[in-house]
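The residues making up each chain are set out below.
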Amino acid sequence: MLPIQNKRKTRLFSYARQVALLVLFILNTQGASLPDRPNIIVILTDDQGYGDLSLHGNTLIQTPNMDRLAKEGVRVKEFYVTPLCATTRASLLTGRYNQRTGVFWPTKGAEVLRHGEVTIAEALKKVGYHTSIIGKWHLGRYGQYSPLTHGFDEFFGFRDGMIDDYFDTTLEHNGRPTQIHNYITNALTEAALRFVQTNQHQPFFLYLSYNAPHIPNQVPEKYEQAYIDQGLPSQLAKVYGMISCLDDGIGKILQTLQKLHLDERTIIF
């Protein structure tokens, strides 16, 4: 699909650059009719490590749906990344070094994406895509720095770097506070499913930005208990349970794409 460069040739042909190249390809596919353009879903988890996947040799955790994405797709094995929330997101959405976007720290105003930056959402919106971010933004808290000013038609989630309670919390839907009565990972998954179903007849870009397994370590009891039964300590059981819940959500998205016959024309990162 897209070439993976040798690290001796470049040190920053990263995931963000792969997405940016895909967008350029779509923008230059002038001959394709709008309905024939591929849907794009970018799924980002928060603070999940390389070893937190059964695909990578972890025998304690089960992540069949994430493993499936890797096995059926292209694996980008050379990835140079900033180890912080906001900086990674700035590069992901713009395809640029985070310092050039004005984002160089996760707090104290250093996480604000400047207005002049062009995001993937802005580029795709200009060529007819319906765009949505569901989940964590973390690139500007106040009104003028909302995702809605950076190319997203819809926003369901929260703007800060983290929230304190993953159960029955208050999120934002297009500028309005919205109380959820659910575990947050499940609420974000359900919002993503609604978006896909609603926009199945037009090209869409969905940035599904989960906040798990970032602290606080909170998860429905059944997910934690499954790992406690394996003999894991409570805190590790919670983290792995959060990842299993994520994996279940990703599985539901894959199933919905297949059910709606969108799987053959949807690219998932």
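The model shown is predicted, which means the values in this text are computed figures rather than measured ones.

Student: Even after reading the chapter, I still don't get the environment of Asn39, so can you show me in this structure?
Tutor: Tracing the backbone shows Asn39 in strand β1 (residues 39-44). Residue classification places Asn39 among the buried positions, given a relative accessible area of 0%. Sequence separation between Asn39 and Phe204 is 165 residues, and the spatial gap between their C-alpha atoms is 5.0 Å. In this structure Asn39 touches Tyr129, Gln202, Pro203, Phe204, Leu262, Arg265, Thr266 and Ile267, once residues within four positions along its chain are discounted. A polar side-chain atom of Asn39 sits 3.1 Å from the main-chain amide nitrogen of Phe204. In terms of polar contacts, Asn39 uses its side chain to reach the side chain of Thr266, at 3.2 Å.

Student: Just to check I follow, could you spell out the layout of surface pockets for this structure?
Tutor: Think of a ball as big as a water molecule: rolled over the atoms, this probe shows where empty space is left. Estimates place the volume of the second largest pocket at around 180 Å³. Contributions of two or more residues to the lining of the second largest pocket are made by β2 (130-136), β3 (154-158) and α5 (184-198). A per-element tally of the lining of the second largest pocket places α5 first, with 4 residues. Tallied by class, residues from the lining of the second largest pocket come to 5 nonpolar, 4 polar and 2 charged.

Student: Teacher, can you tell me more about the pattern of salt bridges here?
Tutor: Side chains that differ in charge, positive against negative, can pair when their charged atoms come close. Throughout the structure, instances matching the rule amount to 9 salt bridges. A salt bridge links Asp46 to Lys136; its shortest N-O distance comes to 2.6 Å. Within this pair, whereas Asp46 is found in the loop between β1 and α2 (64-72), its partner Lys136 is found in strand β2, the two being separated by 90 residues in sequence. For Asp46, a relative accessible area of 3% puts it in the buried group. Among the salt bridges present, the one from Lys125 reaches Asp153, with a minimum N-O distance of 3.1 Å. Of this pair, Lys125 sits in helix α4 (residues 120-126) while Asp153 is found in the loop between β2 and β3, placing the two residues 28 residues apart along the sequence. Here the salt bridges do not stand alone but share partners, grouping Asp46, Arg89 and Lys136 into one network.

Conventions we followed
Throughout, residues of each chain are indexed from 1 in the direction in which the sequence is written. Where totals are concerned, whole chains, interfaces and linings use all residues; where local detail is concerned, this predicted model gives features only for residues with pLDDT of at least 70, and gives and counts side-chain atom pairs only at 80 or more. In computing side-chain properties, one takes all heavy atoms of the structure into account and sets aside hydrogens as well as water. Helix and strand definitions here come from DSSP, where helices need a minimum of 4 consecutive H or I residues and strands a minimum of 2 consecutive E residues; each element is numbered from the N-terminal end. Summary of the burial criterion: residues with accessible area below 20% of their type's maximum are buried, those above 50% are exposed, and those between are partly exposed, where the area comes from a 1.4 Å probe applied to protein chains only. Whether two residues touch is decided by their heavy atoms; if any such pair falls within 4.5 Å, the residues are in contact. Within 3.5 Å is the distance limit for a polar contact, defined as a pair of N or O atoms, with the added protein rule that one can donate a hydrogen and the other accept it, and that residues adjacent in sequence qualify only through two side-chain atoms. With a 1 Å grid laid over protein atoms only, a set of points is called a cavity when a 1.4 Å probe fits there but cannot get out and a pocket when it is open yet has protein on both sides within 12 Å along at least five of seven lines; lining residues have an atom within 4 Å of a point. Grid points are joined across faces, edges and corners, and a volume is the space filled by probe spheres set on the points. Only Asp, Glu, Lys and Arg are considered charged in this grouping, and only Ala, Val, Leu, Ile, Met, Phe, Trp, Tyr, Cys and Pro are considered nonpolar; every other residue, Gly among them, is considered polar. Salt bridges are counted wherever a side-chain nitrogen of Lys or Arg sits within 4 Å of a carboxyl oxygen of Asp or Glu.

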